[in-house]
Amino acid sequence: MTRTGDDARRTVGSRRIATFGETVFATYSRLARETDAIDLGQGFPDFDPPSLVIEALRDSVDGYQQYPPLPGWPALLEALAADKGGRLGRPLDPTGNLLVTVGATEALFSAMQAFIDPGDEVVLIEPFYDAYPADVIMAGGVPRFVPLEPQQDGRWLLDIDRLRSAFGKRTRMIVVNSPHNPSGKVFSADELDAIIELAEEFDALILADQVYEHISYVPFVDLLSRPGAWERAIAISSFGKTFSVTGWKIGWACGPAPLIATLRTAHQWVPFTVAMPLQEAAARVIRQAAGGSYYRELESAYRRRRDLLLAALAGTPFWALRPEGGYFIVADTEELDYADDVALCLDLPARAGVSAIPPSAFYSPGHRDLARNLVRFAFCKKDEAILEAGERLARLAQ
Ligand code: PMP
Ligand code: GLN
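Reading the values: rules and limits
- Residues numbered from 1 in each chain as written.
- Chains lettered and ligands numbered in written order.
- Predicted model: local features only at pLDDT ≥ 70, side-chain atom pairs only at ≥ 80, totals over all residues.
- Heavy atoms only, no water.
- 1 Å grid on protein atoms, 1.4 Å probe; cavity = no way out; pocket = protein on both sides within 12 Å on 5 of 7 lines; lining within 4 Å.
- Points joined across faces, edges and corners; volume = space filled by probe spheres on them.
- Helix = DSSP H or I, 4+ residues; strand = E, 2+ residues; numbered from the N terminus.
- Nonpolar A, V, L, I, M, F, W, Y, C, P; charged D, E, K, R; others polar.
- Axes fitted to C-alpha atoms, helices over the stretch in contact; angles between N-to-C directions.
- Parallel < 35°, antiparallel > 145°, perpendicular 65-115°, else oblique.
- Contact = heavy atoms within 4.5 Å.
- Buried < 20%, exposed > 50% of the residue type's maximum accessible area, 1.4 Å probe, protein only.
- Pairing = 2+ DSSP bridges.
- Near = heavy atom within 4 Å.
- Polar contact = N/O pair within 3.5 Å; in protein donor to acceptor, adjacent residues only side chain to side chain.
- Areas by Shrake-Rupley, 256 points an atom, 1.4 Å probe, with all protein chains shown as cover.

> Lay out the layout of surface pockets with the relevant residues and their values.
Empty space among the atoms becomes apparent when a probe as large as a water molecule is rolled across them. Space inside the largest pocket adds up to approximately 1,200 Å³. Taken together, 49 residues line the largest pocket, and the ones lying closest to its centre are T23, V24, F25, D130 and A131. If you list the elements that add at least two residues to the lining of the largest pocket, you get α2 (24-35), α5 (103-115), α6 (131-138), β4 (142-147) and α9 (239-242). Sorting elements by how many residues they give to the lining of the largest pocket places α6 first, with six residues. Along the lines of polarity and charge, the residues of the lining of the largest pocket split into 25 nonpolar, 16 polar and eight charged.

Set out below in structure tokens:
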């Protein structure tokens, strides 16, 4: 006997995910492929990673096939402890202060699962990387949003009084992303100190998403290096961003041992461990990169690409805000006649042969209007792609 209504019941998602649509990265990457547009949308390099990364991967094929230990492969943890500890000026215990994760994405998800109870509030700075509110909601938490304010000079201002008004008795955590996606803002030491003070006052945790820590055109300030941060902060980074292999999905979290232990408790039920050959390869790469010139070269290569895209956009109807870090440029498009950024980005691949991301995806429903005239371009792309995209976009002005 068939029971009516069961099909619908079987396929409907949980209440936790009922409000989720498809992530913009899936939508706009598909659109770019379908229209054969130059893809300045999703942030992944279209060029080869450094040869040391591919060589390390080849050398990590034999003998690295089984589950590594839960906290991460010791060789990788030790390489990270030496590299990160050296930069922080703080000795790090490889298994106590670090956890290897499936990209920064898993670290974010597991952190929310580990620390957020139903009804707990998490302060998110808008625009935000789109996984944050989803992760908060999947943990039963409630996001509280505070918008950055773009200025005439291209900087994005964080109004500390406005930030303070988002904190309250239920605040459990604030997420700070620096260098920031999509704005390219790099938070100053003063801004980070003000955030840490608020976190202290409200006894909140700080989750510092620093996946672009090595791609900064102004001095990058690691939140963990600021006074008062170490007791209450976890920093997250991504091998994929730093070594141009986003498909590897290797990330890590760093922080004080009690917080990392709690994070590990959630992580053990999410992936348990992370791909073994990739961890061994990442260890070899980080050992070579640390202390050498790799990070400096990465920064100057991206600085050059940023300047190339800024110059390429100069002759187009897109007024670019100059990023201080990361590999995205947000531009204002007031001259073009579209209802909003989504309408523009849906039409741009067919009309101009260039794909971009609508920044309203990085705003809460109540604040999407702030992104109505904005568009995000990625410059982690080959020079030819950036230059050709600039020429195509310039034709829109004619
Ligand atoms: N945080 C930010 C700000 C990002 O831009 C990204 C981009 N992928 C991630 C986290 C996720 O990083 P991963 O690919 O290592 O999961
Ligand atoms: N971080 C990348 C971006 O912002 C993409 C990440 C993803 O595909 N989820 O474009």
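We are not done yet, so read on.
> Which residues make up the packing of α2 against helix α13 (residues 341-352), and what values do they have?
Running from N to C, α2 and α13 cross one another at 25 degrees; their axes reach a closest spacing of 8 Å. Considering their axes alone, α2 and α13 lie roughly parallel with respect to each other. Mapping the contact onto sequence places Y28, L31 and T35 in α2 and V342, C345, L346, P349 and A350 in α13. Broken down by class, the residue content of the contact of α2 with α13 amounts to seven nonpolar, one polar and no charged.

> Kindly report on the pairing of strand β7 (residues 171-177), identifying the contributing residues and their values.
For β7, the buried fraction is high: six of the seven residues fall into the buried class. The pairing of strand β3 (residues 121-126) with β7 spans four bridges and is classified as parallel. Its bridge partner being in β7, L124 is matched across the sheet by V175. Both β7 and strand β8 (residues 205-209) contribute to a ladder of five bridges, which runs parallel. Following the sheet pairing, N177 is matched in β8 by D209.

> I'd like a description of the site of ligand 1, backed by residues and values.
With respect to spatial proximity, 13 residues lie near ligand 1, and among them T105, D209, Y212, S238 and K249 are the closest. Here an oxygen atom of ligand 1 and a side-chain polar atom of N181 are 2.8 Å apart. Calculation on ligand 1 without its partners gives an accessible area of 390 Å², and the protein chains cover 93% of this total. Per-element tally for the shell around ligand 1: the top contributor is α5, with three residues. Taken together, the residues of the shell around ligand 1 break down into five nonpolar, five polar and three charged.

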